Amino acid sequence: EAKSSGRNRHCFFSPKLNQIAQFNAGVEADLRRAIDNDELFLEYQPIVEASDASYTGLEALLRWQHPVRGRLMPNEFMRVANDSGLIDRIGQWVIDAVCRQISEFKAEGIRLPHIAINISPRQFHAGKLCDEILGKIAQYGIQPGQIVVEITEELLLDQSVKLMEQLRSLRRNGIELSIDDFGTGYSSLQYLRDLPANRLKIDQTFVSRIEHSATDRAIISTIGHLAHALGMRVVAEGVENEAQRMLLRASGCDELQGYLFGRSLTVDQLRATFGQAAAVQQ
Ligand code: C2E
Ligand code: MG
Ligand code: MG
Ligand code: MG
């Protein structure tokens, strides 16, 4: 009987969890095909300068056009991608797609601001991430400064990889680094000191509470002071309204990202936005 198997007794034989396991196995099989069938695509969310709302960057966000289930968001498949190891291939696909997009726009005479790519901890395991990115940059003839790598604090728990070396080699080669979702995971001040990051992104959970919580305002400005003292720019994620924007500016945030400034853009919307901006400037 399942009950006799000790602490995990509710896990292995619960019909509900069995259903979840089967569902995840289905997602994994579908995801495996998705890469080859061209079902993955990227959208790009603007990041703006806090002072004047000019575009400073874009963040590439993965979407999956599933043949039956329709458009899926990362929360519906990233866990399976990570647990199954498919994230390695998907991650390579994302890096290729971003570099290709930059070069295609460049050929059309459209200059995009830098593009941030989310990288899962697992993608560091093979120790080849930097070479992979540099290889794509060379293949498509773009500048390293056009790519930003976003990592999460979760990565810092992973002692199996020669992480700092890989991060430093990214920086040495002109690729910038952002610490994503800051404040939600394992924030060690030791690591913050050692990490060669250019930007620190304050997670949207803090931003969403800023209007009503003096504590969250204090946390945000303290993180801001610390980041500035360490030479990093501070980015606030998930900015949805004017009140948040004003408070974040007052708290010293340098860059802002969120629905207030724009949701993620399709490639056509990117063209409309940055093609026009380029035309106006000339
Ligand atoms: P993230 O890197 O923190 O990305 C920000 C998420 O917040 C995005 O969700 C974005 O659509 C959402 N967001 C932006 N502004 C607002 C706002 O004002 N309000 C609210 N409520 N949400 C906002 P998305 O696209 O669903 O991505 C979720 C997560 O999936 C990302 O979090 C990132 O961790 C992961 N992810 C996305 N694309 C990739 C990828 O290509 N590779 C990897 N490894 N992870 C990815
Ligand atoms: Mg991110
Ligand atoms: Mg984030
Ligand atoms: Mg987040």
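Residues numbered from 1 in each chain as written. Chains lettered and ligands numbered in written order. Predicted model: local features only at pLDDT ≥ 70, side-chain atom pairs only at ≥ 80, totals over all residues. Heavy atoms only, no water.

- Identification of the chain as EAL domain-containing protein from Sphingorhabdus buctiana is taken from an unreviewed UniProt entry.

## Description of a nonpolar patch on the surface
Part 1 of the reasoning: A cluster of nonpolar side chains, Leu189, Leu226 and Leu230, forms an exposed patch at the surface whose accessible area comes to about 260 Å².
Part 2 of the reasoning: Looking at the element boundaries, leucine 226 is found in helix 9 (residues 214-229). (Patch = residues over 30% accessible without salt bridge, like charges linked within 9 Å, V, L, I, M, F, W, Y side chains within 5 Å. Areas by Shrake-Rupley, 256 points an atom, 1.4 Å probe, with all protein chains shown as cover. Salt bridge = Lys/Arg side-chain N within 4 Å of Asp/Glu carboxyl O. Helix = DSSP H or I, 4+ residues; strand = E, 2+ residues; numbered from the N terminus.)

## Some words on the site of ligand 1
Part 1 of the reasoning: The environment of ligand 1 is formed by 22 residues, the closest being Asn118, Ser120, Asp180, Glu240 and Tyr259.
Part 2 of the reasoning: The side chain of arginine 63 places a nitrogen or oxygen atom 2.9 Å from an oxygen atom of ligand 1.
Part 3 of the reasoning: One of the side-chain N or O atoms of asparagine 118 is found 2.9 Å from an oxygen atom in ligand 1.
Part 4 of the reasoning: In the complex, 81% of the free accessible area of ligand 1, which totals 800 Å², lies under the protein chains.
Part 5 of the reasoning: Of all the secondary-structure elements, those providing two or more residues to the shell around ligand 1 are strand 2 (55-66), helix 4 (87-107) and strand 6 (176-182).
Part 6 of the reasoning: Of the residues in the shell around ligand 1, the class split is eight nonpolar, seven polar and seven charged. (Near = heavy atom within 4 Å. Polar contact = N/O pair within 3.5 Å; in protein donor to acceptor, adjacent residues only side chain to side chain. Nonpolar A, V, L, I, M, F, W, Y, C, P; charged D, E, K, R; others polar.)

## Here's the deal with unusual backbone geometry
Most of the time, phi is negative for any residue but glycine, and the peptide bond is trans.
Part 1 of the reasoning: A positive phi angle, close to 60 degrees, is found at alanine 53, a residue other than glycine.
Part 2 of the reasoning: One can find alanine 53 in the loop between strand 1 (40-49) and strand 2.
Part 3 of the reasoning: Relative accessible area serves as the criterion here: at 28%, alanine 53 is assigned to the partly exposed category.
Part 4 of the reasoning: Here the phi dihedral of aspartate 181 falls at roughly 50 degrees; this positive angle occurs in a residue that is not glycine. (Buried < 20%, exposed > 50% of the residue type's maximum accessible area, 1.4 Å probe, protein only.)

## Brief notes about the environment of leucine 155
Part 1 of the reasoning: Following the sequence through the fold, leucine 155 ends up in the loop between strand 5 (147-152) and helix 6 (163-172).
Part 2 of the reasoning: Residue classification places leucine 155 among the buried residues on the basis of a relative accessible area of 1%.
Part 3 of the reasoning: Sequence separation between leucine 155 and glutamine 123 is 32 residues; the distance between their C-alpha atoms is 10.0 Å.
Part 4 of the reasoning: Discounting chain neighbours no more than four positions away, the residues touching leucine 155 are Pro121, Phe124 and Leu163. (Contact = heavy atoms within 4.5 Å.)

## Details of the pattern of salt bridges
Part 1 of the reasoning: One pass over the structure, following the stated rule, counts 20 salt bridges.
Part 2 of the reasoning: Among the salt bridges present, the one from lysine 201 reaches glutamate 59, with a minimum N-O distance of 3.0 Å. Placement of the pair is lysine 201 in strand 7 (residues 199-202) and glutamate 59 in strand 2, with a sequence separation of 142 residues.
Part 3 of the reasoning: When the shortest N-O distance is used, the salt bridge between arginine 271 and glutamate 108 registers 2.8 Å. Here glutamate 108 lies in the loop between helix 4 and strand 4 (114-118) and arginine 271 lies in helix 11 (residues 267-281), a separation of 163 residues in the sequence.
Part 4 of the reasoning: Taking the relative accessible area as the measure of exposure, arginine 271 reaches 31% and is therefore partly exposed.
Part 5 of the reasoning: Each of Glu49, Glu176, Arg199, Arg233 and Glu255 takes part in salt bridges that share partners, so that together they form one network.

## Some points on the nonpolar core
Part 1 of the reasoning: Formed by 76 residues in total, the largest nonpolar core has its most connected members in Ile90, Val98 and Ile147.
Part 2 of the reasoning: Counting residues per element, this core draws most heavily on helix 4, which supplies ten residues.
Part 3 of the reasoning: Excluding anything up to four places from it in sequence, isoleucine 147 contacts Val98, Cys99, Ile102, Ile115, Ile117, Ile133, Ile137, Ile142, Ile175 and Glu176. (Core = buried A, V, L, I, M, F, W, Y, C linked by side-chain atoms within 4.5 Å.)

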